[in-house]
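Close look at the chain arrangement
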Amino acid sequence: MESDLPILIRPSRDTDVEPMLAIYRRHIRRGIEAGVEDTGTPEPDDLRDRRKNLRNRRLPHLVATRGGDVVGYAYVVLFRKRPAYRFTVKHSIYVHHEHLGRGVGRLLMQALIDACAAAGFRQMIGYIDAENTASLTLHERFGFARVGLLPAVAYRYGKWSDSVMVQRSLGAGATQPIPPG
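First, a word on scope: everything that follows refers to the structure included in this document. (Residues numbered from 1 in each chain as written. Predicted model: local features only at pLDDT ≥ 70, side-chain atom pairs only at ≥ 80, totals over all residues. Heavy atoms only, no water.)

1. A look at the sheet that holds strand S4 (residues 88-95)
Filter applied, for reference: The pairing criterion is simple: DSSP has to find at least two bridges between the two strands. Each helix is a run of H or I in the DSSP string that is no shorter than four residues. Each strand is a run of E no shorter than two, and both are numbered from the N terminus. Axis lines are fitted through C-alpha atoms, for helices just across the contact stretch, and the angle between N-to-C directions can take any value from 0 to 180 degrees. A contact between two residues is defined here by any heavy atoms of the two lying within 4.5 Å.
Pairing is mixed in the open sheet, where 7 strands are placed in the order S1-S2-S3-S4-S5-S7-S6. Strands at the two margins of the open sheet, each flanked by one partner only, are strand S1 (7-11) and strand S6 (145-156). Shown here is a sheet whose adjacent strand axes are inclined to one another by a mean of 25 degrees, direction ignored. As judged from the 6 bridges shared by strand S2 (residues 61-66) and strand S3 (residues 69-78), these two strands associate in the antiparallel manner. Considered in S3, the bridge of histidine 61 is made with tyrosine 75. Across the sheet, helix H3 (residues 104-118) lies against S1, S2, S3, S4, strand S5 (123-129) and strand S7 (159-169), angled at about 160 degrees from S4, the strand it touches most.

In C-alpha cells form, the structure reads like this:
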C-alpha cells in the first residue's frame, strides 16, 4: 500500500520538473475563475533554469518522494536582491493535493529549515493564505511567528483573501553579528 511507503526528502532533479509543475499549477489555479489568464506559470525550461540558478547560489530546492513519485517540493529564494538582505530567505512549500495531511509538508519544512540554517541564513519568511489553517498551524509548530497581515491581496473563490506573513530565526538569528569574511 502506498501510504506504508516512507516519504523521502532529497534535492530536486531535472526529472522532477514535470511533477513539480503539475503540483504547482493545481495550487495556483485553485479558486481562480475560468478565463483568467495565467501568464506567471513557469514552463518546464523556466523551472529547470530556476533550479540551476538556485543550486548555483546554494539555495535549497527539495522534493518529497513516496515510492519514487514526487508528492511535494520546497525551495527558498532570497527575500530581497539587495546585499543587506543576503541572510534572509523566503520559502515556498507545495504538497500534492492527494498527499495533504500525511506529513509531507512537515518533512519538507524541517529539511528546508535545516538546509537554510546550515547554509548560514539567519531569517526565513513565508506568505500564507489567511484561510489556510493547516499551513499556518504547521508554521507555528516550527517556530514561525505571524509578523504581518496583507489584507485583500488575492482574489479567489469569488472574494478577496488576506495573506499572513510569517518569520522564523535560523541559527543564531539576530542575536549575533555575521562573522567577518
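2. Concerning helix H4 (residues 133-141)
Put simply, the rule reads: Classification of residues uses two cut-offs on accessible area relative to the type maximum, computed with a 1.4 Å probe and protein chains only: under 20% is buried, over 50% is exposed, and between them is partly exposed. Working note: the arc is built from the helix axis to C-beta atom directions.
For H4, the complete set of buried residues consists of Ser135, Leu136, Leu138 and His139. Buried residues of H4 fall within an arc of 160 degrees about the axis and therefore sit on the same side. Opposite the buried face of H4, by more than 90 degrees, sit the exposed residues Thr133, Ala134 and Arg141. Of the surrounding secondary structure, the elements contacted by the buried residues of H4 are S4, H3, S5, S6 and S7. Phi turns positive, to about 85 degrees, at glycine 143, one or two residues after H4.

3. Some remarks on the environment of alanine 64
Residue placement: alanine 64 occurs in strand S2. Remark: the alpha-carbon pair of alanine 64 and leucine 8, spanning 56 residues in sequence, is separated by 5.5 Å. Once you skip the residues sitting within four places of it in the chain, alanine 64 turns out to touch Ile7, Leu8, Ile9, Asp69, Val70, Val71, Gly72, Val104 and Leu108.

4. What to know about the packing of aromatic side chains
For the record, the criterion: Here is the rule: rings of Phe, Tyr and Trp (six-membered ring for Trp) pair when centre to centre is within 6.5 Å. Planes less than 30 degrees apart are stacked, more than 60 are edge-to-face, and the remainder are tilted. Note on geometry: a ring has a charge over it if NZ (lysine) or CZ (arginine) is within 6 Å of the ring centre and within 35 degrees of the ring normal.
Taken as a whole, this structure holds 5 aromatic pairs when the rule is applied. With a centroid separation of 6.2 Å and 10 degrees between ring planes, the pair formed by tyrosine 73 and tyrosine 75 is classed as stacked. A relative accessible area of 10% means that tyrosine 75 is categorised as buried. Measuring from ring centre to ring centre gives 4.9 Å for tyrosine 155 and tryptophan 160, while their planes differ by 65 degrees; the resulting arrangement is edge-to-face. In this structure tyrosine 155 comes out as partly exposed when scored by relative accessible area, which is 36%. Three or more aromatic residues joined by ring pairs make a cluster, and in this case those are Tyr24, Tyr73, Tyr75 and Tyr94. When the ring centre of phenylalanine 79 is taken as reference, the NZ or CZ atom of arginine 80 above it lies at 4.2 Å.

5. A few points about H3
Stated formally: Expected span of a helix: the number of residues minus one, times 1.5 Å.
Spanning 15 residues, H3 covers 21 Å between terminal C-alpha atoms, matching the ideal 21 Å at 1.5 Å per step. For H3, the full list of buried residues reads Val104, Gly105, Leu108, Met109, Leu112, Ile113 and Cys116. Along the axis of H3, the buried residues cluster in a sector spanning 150 degrees; they form a single face. Downstream of H3 by a residue or two, glycine 120 has a phi angle that is positive, lying close to 95 degrees.

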